[in-house]
Amino acid sequence: MKTWLFHADPQFHDLQKEIIKGRVEDWRPWVYVDEMEKGDRVVLWQSGPRGGVHGFGHLAGRSYLSGKEHRVNICYDELLDQPAFKAKLRKHPVLRNLSILKMPNGKNPSRVQDQEYRALKDLIASDVINIFSSYSQEENRFTNGLVSILDLSRYSRQSLFEVFLRELLNFDLQAEIRKCRVLTGIDDSTADAELCGTDIRIRIETKTKSGTLREDQISSHLDRLKRCREERKVLVILTPDDGSSGYIRKFLANRDITSFRSSKHHVLHLEWRRVYEFFEQITKGRPSVFRELV
């Protein structure tokens with residue numbers, strides 16, 4: 001089985017919107033048309049300043065002629081929750097040799113060697129939060145601190161996930177959280193962080209200034225969350241605003257949010273004040289390394 005990398009020009013294709021599992025689209029191959037076979041793996045690359053690997057697929061058949069052009073049908077398998085951006089790939093000892101990085105204007109498709117494909121899958125599987133790294137925007141630093149503490153609690157004697165969600169969001173979590181990370185933005189429509197567990201995905205959008213929520217941004221979060229494979233999906237909106245204010249009540253009543261909500265889909269607002277109060281209680285217990293970090 002071979003692996004091919006197809007790159008998409010952002011002026012004509014937005015892979016974040018186009019990659020839907022099971023969807024089949026035809027692409028134009030310029031080279032290797034006689035070597036591609038049904039079932040071959042496909043790596044989907046978005047070109048441009050924020051370029052990188054955004055998803056995976058497979059060839060639904062061999063290439064064929066349509067008029068005077070060669071075409072090939074690609075079946076989309078997966079849209080990555082966190083793209084593997086080219087800046088990170090260039091630092092990888094194996095992936096820095098990808099053809100797309102050496103010849104970004106090359107013709108579709110380019111070859112991906114087996115060791116490169118394995119390294120890419122390993123990198124994506126292990127892509128987690130950078131504990132206490134610094135971020136340029138204030139809201140990202142706040143998000144990173146919160147998610148870091150929640151993640152570190154798993155390695156202390158006081159795992160906070162269930163208590164945090166139950167006390168602050170009135171959300172009863174039955175599944176174990178297995179991954180938490182700050183998300184590197186594709187653009188400002190990317191959520192700031194996510195918590196993933198057995199059949200549940202919780203995404204977090206943070207604001208550090210009151211009255212700065214944007215309906216278009218939240219709608220984009222919900223659209224991407226709908227395409228995640230987990231059955232239970234939650235968007236947490238974390239802001240300094242009073243949760244009982246008319247501003248928040250009106251915002252949560254917009255059409256996109258109300259149509260998203262169901263027995264297993266939730267949109268919840270959380271005040272930063274309550275987060276600080278929650279962690280203040282943690283620091284009052286018996287001294288420990290974890291409490292010092294909090």
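Refer to the preceding data block for the structure.
Fair warning: this is a prediction, and the values are worked out from it, not measured in the lab.

Student: Can you break down the overall build of the protein chain residue by residue, with the values?
Tutor: Scanning the protein chain from terminus to terminus reveals 11 helices and 12 strands. Taken along the three principal axes of its C-alpha coordinates, the protein chain extends 70 × 45 × 35 Å. Per-residue burial over the protein chain gives 48% buried out of 294 residues. Counting contacts in the protein chain only where the partners sit at least 6 residues apart, residues at least 24 apart contribute 66% of the total.

Student: I'd like a description of the side chain of Arg224, backed by residues and values.
Tutor: Position of Arg224 among the secondary structure elements: in helix H7 (residues 215-226). Residue Arg224 is classed as buried on the basis of its relative accessible area, which comes to 12%. In this structure the side chain of Arg224 is engaged in a polar contact, spanning 3.3 Å, whose partner is the side chain of Thr190.

Student: Break down the packing of aromatic side chains for me, with residues and values.
Tutor: Throughout the structure, instances matching the rule amount to eight aromatic pairs. Here Phe164 and Phe278 contribute two aromatic rings whose centre-to-centre distance is 5.5 Å and whose plane-to-plane angle is 85°, an arrangement assigned as edge-to-face. A residue pair is termed long-range when its members are at least 10 positions apart, and Phe164 in helix H6 (residues 161-169) and Phe278 in helix H10 (residues 272-282) qualify at 114 residues. For the pair Phe164 and Phe278, a shared accessibility class is recorded, and that class is buried. Ring geometry for Trp272 versus Tyr276: centroids 6.1 Å apart, planes at 40°, classification tilted. Taken together, the residues span about one helical turn, with Trp272 and Tyr276 both in helix H10 at a distance of four residues.

Student: How would you sum up H7? Please name residues and give values.
Tutor: Between its first and last C-alpha atoms H7 spans 16 Å; for 12 residues at 1.5 Å apiece the expected length is 16 Å, and the two agree. Of all the positions in H7, only Gln217, Ile218, Ser219, Ser220, His221, Leu222, Arg224 and Leu225 are classed as buried. Among the structural elements, helix H1 (15-18), strand S10 (200-206), strand S11 (232-239), helix H8 (246-252), helix H9 (255-260) and strand S12 (265-271) are those in contact with the buried residues of H7.

Student: Give a detailed account of the pattern of salt bridges, specifying residues and quantitative values.
Tutor: Scanning all chains against the criterion turns up 20 salt bridges. Of the charged contacts in the structure, one is a salt bridge between Arg201 and Glu230, with a shortest N-O distance of 2.8 Å. Taken together, the residues span a long stretch of sequence, with Arg201 in strand S10 and Glu230 in the loop between H7 and S11 at a distance of 29 residues. With a relative accessible area of 1%, Arg201 lands in the buried category. Across the pair Glu205 and Lys207 runs a salt bridge whose closest N-O atoms are separated by 3.4 Å.

Student: With reference to specific residues and values, describe the packing of H6 against H10.
Tutor: It is at 11 Å that the axes of H6 and H10 come closest, and there the two elements cross at 130°. By the criterion of interaxial angle, the relationship of H6 to H10 is oblique. Considering the relative orientation of H6 and H10, their crossing is right-handed. Contacts from Val163, Phe164, Glu167 and Leu168 of H6 reach H10 at Arg274, Val275, Phe278 and Phe279. For the contact of H6 with H10, the per-class residue count stands at six nonpolar, no polar and two charged.

Rules of the game
Residues numbered from 1 in each chain as written. Predicted model: local features only at pLDDT ≥ 70, side-chain atom pairs only at ≥ 80, totals over all residues. Heavy atoms only, no water. Helix = DSSP H or I, 4+ residues; strand = E, 2+ residues; numbered from the N terminus. Buried < 20%, exposed > 50% of the residue type's maximum accessible area, 1.4 Å probe, protein only. Contact = heavy atoms within 4.5 Å. Polar contact = N/O pair within 3.5 Å; in protein donor to acceptor, adjacent residues only side chain to side chain. Phe/Tyr/Trp six-rings, centres within 6.5 Å; stacked < 30°, edge-to-face > 60°. Expected span 1.5 Å × (residues − 1). Salt bridge = Lys/Arg side-chain N within 4 Å of Asp/Glu carboxyl O. Axes fitted to C-alpha atoms, helices over the stretch in contact; angles between N-to-C directions. Parallel < 35°, antiparallel > 145°, perpendicular 65-115°, else oblique. Left-handed = near helix turned anticlockwise from the far one by under 90°. Nonpolar A, V, L, I, M, F, W, Y, C, P; charged D, E, K, R; others polar.

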